[in-house]
Amino acid sequence: MSSVLRPAAPGQDPFTEPSHHAPSHHEDSAETAVDPEGPVRGVGRISANYRPISSHLAITPPVSVVIPAMNEAENLPYVFKTLPDWIHEVVLVDGNSSDNTVQVARELWPDVKVVKQVGKGKGDALISGFAACTGDIIVMVDADGSADGQEIVSYVSALVSGADFAKGSRFANGGGTDDMTPIRKLGNWVLCAVVNAKFGARYTDLCYGYNAFWKHCLDSITLDCTGFEIETLMNIRVVKAGLRVQEVPSHEYLRIHGVSNLSAVRDGLRVLRVILKEKGVGRAARRRASATLSLRIPRGEAS
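For clarity, every value in this text was computed on a predicted model and none was experimentally measured.

Chemist: How do you make sense of the overall build of the protein when you look at a structure like this?
Modeler: Helices and strands together make up the secondary structure of the protein, namely 8 helices and 12 strands. Relative to its full complement of 303 residues, the protein shows a buried share of 51%. Look at the contacts in the protein between residues 6 or more apart in sequence, and 74% of them connect residues 24 or more apart. A total accessible area of about 14100 Å² is found for the protein, and carbon and sulfur atoms account for 54% of it.

Chemist: I would appreciate a short explanation of helix α4 (residues 152-160) in the present structure.
Modeler: Note: α-helices contain 3.6 residues per turn, so residues at a spacing of three or four share the same orientation. Buried within α4 are the following residues: Ile152, Tyr155, Val156, Ala158, Leu159 and Val160. Immediately beyond the C-terminal end of α4, within one or two residues, lies glycine 162, with a positive phi of roughly 135°.

Chemist: Explain the sheet that holds strand β11 (residues 245-249) to me, please; I cannot follow it from the model alone.
Modeler: Backbone-to-backbone hydrogen bonds join strands into a sheet, with any given pair of strands oriented parallel or antiparallel. Pairing is mixed across the open sheet formed by 7 strands, whose spatial order is β6-β5-β4-β7-β10-β8-β11. Edge strands, defined here as strands with exactly one partner in the open sheet, are β6 (113-116) and β11. Within the sheet, the average angular offset between the axes of one strand and its neighbour, ignoring direction, is 20°. Inspection of the sheet shows strand β8 (residues 165-169) paired to strand β10 (residues 211-214) by 3 bridges, in the antiparallel sense. Within β10, the position partnered with alanine 166 by the bridge is alanine 212. Of the strands in this sheet, β7 (137-140), β8, β10 and β11 touch helix α6 (residues 230-240), which is tilted by about 130° from β8.

Chemist: When you look at helix α5 (residues 182-199) in this model, what are you seeing that I'm missing?
Modeler: A rise of 1.5 Å per residue sets the reference length of α5, with its 18 residues, at 26 Å; its end C-alpha atoms lie 26 Å apart and thus fit the reference within 8%. What α5 keeps buried is the set Asn188, Leu191, Cys192, Val195 and Phe199. Along the axis of α5, the buried positions cluster into a sector of 105°, meaning they face one direction only. Of the residues in α5, the exposed ones pointing more than 90 degrees away from the buried face are Pro182, Ile183, Trp189 and Ala197.

Chemist: What's the story with the pairing of strand β4 (residues 63-69) in this structure? I'm lost.
Modeler: As a general feature of sheets, a regular strand has side chains that alternate between the two faces. For β4, the tally of buried residues reaches 7 of 7 residues, placing the bulk of the element in the interior. Of the two faces of β4, the one carrying Val63, Val65, Ile67 and Ala69 and the one carrying Ser64, Val66 and Pro68 are both buried. Alignment of β4 against β7, held across 4 bridges, turns out to be parallel. When the bridges of β7 are listed, valine 65 appears paired with valine 139. Note that β4 and strand β5 (residues 89-94) share 6 bridges and pair parallel. When the bridges of β5 are listed, proline 68 appears paired with valine 93.

Chemist: Whenever I open this one, the environment of cysteine 225 confuses me. Can you help?
Modeler: Within the element layout of this structure, cysteine 225 appears in the loop between β10 and α6. Here the alpha-carbon distance between cysteine 225 and glycine 121, two residues 104 residues apart in the chain, equals 9.0 Å.

Chemist: Honestly, the packing of aromatic side chains in this entry has me stumped. Any pointers?
Modeler: The geometry of two aromatic rings is summed up by the distance between their centres and the angle between their planes. One pass over the full model with this rule turns up 5 aromatic pairs. Ring centres 6.0 Å apart and planes at 15° place the aromatic pair phenylalanine 165 and phenylalanine 213 in the stacked group. Placement of phenylalanine 165 in strand β8 and of phenylalanine 213 in strand β10 is noted, with a sequence separation of 48 residues between them. Assessed through its relative accessible area of 0%, phenylalanine 165 is described here as buried. Taking the centre distance of 6.5 Å and the plane angle of 65° together, the rings of tyrosine 208 and tyrosine 210 count as edge-to-face.

Chemist: Just to check I follow, could you spell out the packing of helix α3 (residues 122-132) against α6 for this structure?
Modeler: Packed helices, taken two at a time, are described by the angle their axes make and the gap between the axes. Where α3 contacts α6, the axes come no closer than 9 Å and their chain directions differ by 60°. As judged from the angle between their axes, α3 and α6 are oblique. In this structure, α3 uses Lys122, Gly123, Leu126, Ile127 and Phe130 to contact α6, whose residues at the interface are Ile230, Glu231 and Met234. Here the residues of the contact of α3 with α6 are counted per class, giving 5 nonpolar, 1 polar and 2 charged.

Chemist: Looking at this structure, I do not really get the pattern of salt bridges. What am I missing?
Modeler: Two side chains carrying opposite charge are able to pair once their charged atoms lie near each other. All chains considered together, the criterion is met by 12 salt bridges. A salt bridge links arginine 170 to glutamate 252; its shortest N-O distance comes to 3.0 Å. Placement of the pair is arginine 170 in the loop between β8 and β9 (176-177) and glutamate 252 in strand β12 (residues 251-252), with a sequence separation of 82 residues. Across the pair, glutamate 252 and arginine 170 agree in class, each one buried. What you see here is one network of salt bridges that share partners, running through Asp224, Arg237, Lys240 and Glu278.

Chemist: Before we go on, may I ask you to explain the confidence of the model for the protein in this structure?
Modeler: Low pLDDT marks regions whose predicted coordinates should not be analysed in detail. Averaged over every residue, the pLDDT of the protein is 81; the share at 70 or more is 74%. For the stretch residues 6-48, pLDDT sits under 50, and the model shows 72 contacts to residues farther than four places along the chain or on other chains. Scored below 50 in pLDDT, residues 292-298 shows 7 contacts in the model against residues more than four places distant or in partner chains.

Reading the values: rules and limits
- Residues numbered from 1 in each chain as written.
- Predicted model: local features only at pLDDT ≥ 70, side-chain atom pairs only at ≥ 80, totals over all residues.
- Heavy atoms only, no water.
- Helix = DSSP H or I, 4+ residues; strand = E, 2+ residues; numbered from the N terminus.
- Buried < 20%, exposed > 50% of the residue type's maximum accessible area, 1.4 Å probe, protein only.
- Contact = heavy atoms within 4.5 Å.
- Areas by Shrake-Rupley, 256 points an atom, 1.4 Å probe, with all protein chains shown as cover.
- Pairing = 2+ DSSP bridges.
- Axes fitted to C-alpha atoms, helices over the stretch in contact; angles between N-to-C directions.
- Expected span 1.5 Å × (residues − 1).
- Arc of directions from axis to C-beta.
- Phe/Tyr/Trp six-rings, centres within 6.5 Å; stacked < 30°, edge-to-face > 60°.
- Parallel < 35°, antiparallel > 145°, perpendicular 65-115°, else oblique.
- Nonpolar A, V, L, I, M, F, W, Y, C, P; charged D, E, K, R; others polar.
- Salt bridge = Lys/Arg side-chain N within 4 Å of Asp/Glu carboxyl O.
- pLDDT = per-residue confidence, 0-100.

What follows is the structure in structure tokens.
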């Protein structure tokens with residue numbers, strides 16, 4: 001049993017009852033499963049560093065949630081109210097909003113870590129957010145209200161059960177979407193099929209931004225694009241890096257307020273260019289490209 005994961009037997013309180021499971025090593029574990037200084041000598045109890053994420057599951061790894069946002073003040077209340085209270089930190093990357101996005105975020109989550117985006121684009125925002133995270137697990141959540149934060153437990157469960165990258169899918173059994181036109185569905189299906197054939201993946205969804213991963217994965221997948229297509233780039237490179245990927249069924253809801261900046265044709269072509277360009281690109285070349293990019297695009301500072 002992984003020392004980052006603690007299940008409870010039926011009828012047992014997972015945070016107070018003694019455990020009879022022998023802990024095993026996990027490279028990302030912050031604590032072992034048994035505390036020898038429990039209230040009864042010789043009887044282990046759950047470590048104080050375990051976080052309850054459900055009635056039958058507790059984990060040790062701190063979880064960071066990254067939310068890129070620009071002029072999303074009206075949507076943030078819907079986003080934040082679904083976030084579980086056991087997460088370690090919320091990192092809001094503000095893309096130079098002209099409304100009171102930052103103020104609303106701080107009112108809703110006083111400890112929110114705000115990163116002022118220096119560059120432009122969703123990819124740049126996510127890269128800035130990832131750099132500011134202190135958690136062992138990183139979850140990507142959109143700020144438009146389309147993602148349900150209650151699903152985070154499913155992503156985290158997949159990671160502590162052995163996956164390196166938990167990829168949300170609207171088309172896996174149990175998933176769904178309220179926000180895709182027929183042309184976007186067709187485009188996503190075609191692009192997904194191309195990635196599966198070219199890189200040996202088994203994805204049911206490609207262009208979806210609700211994902212989670214162990215932070216150490218960033219050492220294996222260099223991120224060197226600044227736009228919406230960063231999600232596709234990550235999906236490709238985790239496969240090429242040999243990381244363990246598990247799809248998590250997810251439901252995408254309609255944007256609550258405002259208008260999406262997505263364009264089926266424009267963004268579809270950008271994704272296709274990423275797929276074609278990525279073919280045959282080695283890891284060393286990707287690292288050189290990332291180093292060059294980091295010199296041109298300074299990262300934002302957290303406050």
